[in-house]
There are 2 protein chains.
Amino acid sequence: MNLILLHKDDFIGGTKRVTLHGRRLQHVLTVLRAKPGDELAVGLSDGLLGRGRVTMISEDELEMETTLDKEPPAPLPVTLLLALPRPKVLRRVLLTASSMGVKKIFLMNAFRVEKSFWKSPFLGEASLRQQLVLGLEQAGDTVMPDVHLRPLFKPFVEDELPGLIRGTTPLAAHPDAENGWPEKTAGPVTLAIGPEGGFIPYETDKLRDCGFRTVSLGKRILRVEAALPALLSKFF
Amino acid sequence: MNLILLHKDDFIGGTKRVTLHGRRLQHVLTVLRAKPGDELAVGLSDGLLGRGRVTMISEDELEMETTLDKEPPAPLPVTLLLALPRPKVLRRVLLTASSMGVKKIFLMNAFRVEKSFWKSPFLGEASLRQQLVLGLEQAGDTVMPDVHLRPLFKPFVEDELPGLIRGTTPLAAHPDAENGWPEKTAGPVTLAIGPEGGFIPYETDKLRDCGFRTVSLGKRILRVEAALPALLSKFF
């Protein structure tokens, strides 16, 4: 946690004073070991970054006086389409995507996505949100990403994707692609990443029909945990 | 497992025939579901890639006739110096480094590395090797990386590092660095990545004295699981 993410209801009505309990208080107590007078890095959810000066701290509660005056880091101009990974991996990659500044994430179906993955409790709103918050706290960002679930491949690609990719460069990462990684991409990108085992030919064909170019980082097949930051890093 | 990694003692003396048991057999039985006549992607540890044609398969044993005729993918020209991460993270980042083609890894100490991490059973030779093998199997590579443990920062940086970095571009990743990521690096690179919380100023000073340039991917502070592939991807 390199940033304590604050929410509107942490503030004492109409003031810049904040009270914290629970997980964030525990972090301040056990990791930061803050004392009254210390300044902590804070940010308001979907708002500005700043500092919080500790005015009171106990085992049960923390009070801070906040100054919020800095813009959060720029978002990454990437819309991410990710074939739904297995639940444990999903949690890590959501955290990674959030920490790297992705603001729009579509978890999509593909032939090689196991059906059971769509029943995972980690797809619940609170559970998704938790990973996104951890990513923002890691990176010092405040802007919450949106996550959309698209459990049907065909209608998503045929009906929704053409609108989504408008004004972006649509790229599908695929280890077998003949195209290497594009040297430079101008403007926003829509990046599709397949499941373990890759998209099947029907799926890459559908994505190509929609306007996607399949591109490759090389012959090495990476786990999605590694492929995602490796691909996003191309836009850093 | 996108490749079955074979060892010399899997071969029936003097032949191209291989027998498999244990973890690799289980993978062939339960994931690949291979039948006699099927061809599987194989590679000889530190040797060539090729195909193995299944001649016999049962619950206890697999026999294959192998043809090894292809070079493994090129290694990544990066020597990795990694401040020892917490054990669970270590296992994932070793797999990632191995899958991305790093062949020389130094796990080093730093002020913010918890002392207990050096006592982890995951630092045992067999345990390290297991993650490296998983990485090679993931990426379709055969060349085993070397991992070196350097539990003392100062003698490592003062006595050994000057020799290690000779002929390479030495870069230390540091979120606070003023230099952005270099557009292009020619030739091999030595890449240092700090611990959670970063290198302390004494350590970045020592690295700079040794010839390292501190470089940054941006203001976002990433977990090492994300930072490592994001950084290595710059050399893909």
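1. Quick look at the nonpolar core
Counting residues in each nonpolar core, the largest one holds 120 residues, and the members touching the most others are Leu161 and Leu191 of chain A together with Leu161 and Leu191 of chain B. Counting residues in each nonpolar core, the second largest holds 15 residues, with Ile4, Val18, Leu20 and Val28 of chain A among its members.

2. Quick word on the relation of the copies chain B and chain A
Relating one copy of the chain to the other takes a rotation about an axis and a shift parallel to that axis. Placing chain B over chain A gives an RMSD of 0.0 Å and needs a rotation angle of 180°, together with 0.0 Å of translation along the axis. Taken together, the rotation and translation relating the two chain copies correspond to the operation of a two-fold axis. Across chain B, the smallest distance between a C-alpha and the rotation axis is recorded for Ala230 of chain B, namely 2.2 Å. Most of the interface of chain B is mirrored in chain A, where 100% of its interface residues again form contacts.

3. Some details on the domain arrangement of chain A
All names here are of chain A. Under the domain assignment, chain A is made up of domain 1 (4-70) and domain 2 (78-235). Three residues, Leu5, Arg23 and Asp46, lead the burial of domain 1 against domain 2; their summed loss comes to 64% of the area buried on that side. Put simply, domain 1 and domain 2 have one salt bridge between them. Our count for the domain 1 to domain 2 interface comes out at four residue pairs in polar contact (both at pLDDT 80 or more). Mapped onto the side of domain 1 that touches domain 2, the elements with two or more residues apiece are α1 (22-32) and β3 (39-44). Tallied by class, residues from the side of domain 1 that touches domain 2 come to four nonpolar, four polar and three charged.

4. Some thoughts on the interface of chain B and chain A
Facing the 29 residues of chain B at the interface are 29 residues of chain A. Across the interface of chain B and chain A, roughly 2,400 Å² is buried in total on both sides, 52% from carbon and sulfur atoms. Along the contact surface separating chain B from chain A lie two salt bridges. Of the charged contacts, one joins Arg220 of chain B and Asp141 of chain A as a salt bridge, the two residues approaching to 3.1 Å between their closest N and O atoms. Here chain B and chain A share twelve residue pairs in polar contact (both at pLDDT 80 or more) between them. Looking at the side of chain B that touches chain A, the elements with two or more residues in it are α2 (87-99), α3 (125-139) and α6 (224-232) of chain B. For the side of chain B that touches chain A, the element with the highest residue contribution is α2 of chain B, accounting for five residues.

What counts and how
- Residues numbered from 1 in each chain as written.
- Chains lettered and ligands numbered in written order.
- Predicted model: local features only at pLDDT ≥ 70, side-chain atom pairs only at ≥ 80, totals over all residues.
- Heavy atoms only, no water.
- Core = buried A, V, L, I, M, F, W, Y, C linked by side-chain atoms within 4.5 Å.
- Buried < 20%, exposed > 50% of the residue type's maximum accessible area, 1.4 Å probe, protein only.
- Least-squares fit on C-alpha atoms with pLDDT ≥ 70 in both.
- Contact = heavy atoms within 4.5 Å.
- Domains from an automatic or database assignment.
- Buried area = accessible area lost by both parts, 1.4 Å probe.
- Salt bridge = Lys/Arg side-chain N within 4 Å of Asp/Glu carboxyl O.
- Polar contact = N/O pair within 3.5 Å; in protein donor to acceptor, adjacent residues only side chain to side chain.
- Helix = DSSP H or I, 4+ residues; strand = E, 2+ residues; numbered from the N terminus.
- Nonpolar A, V, L, I, M, F, W, Y, C, P; charged D, E, K, R; others polar.

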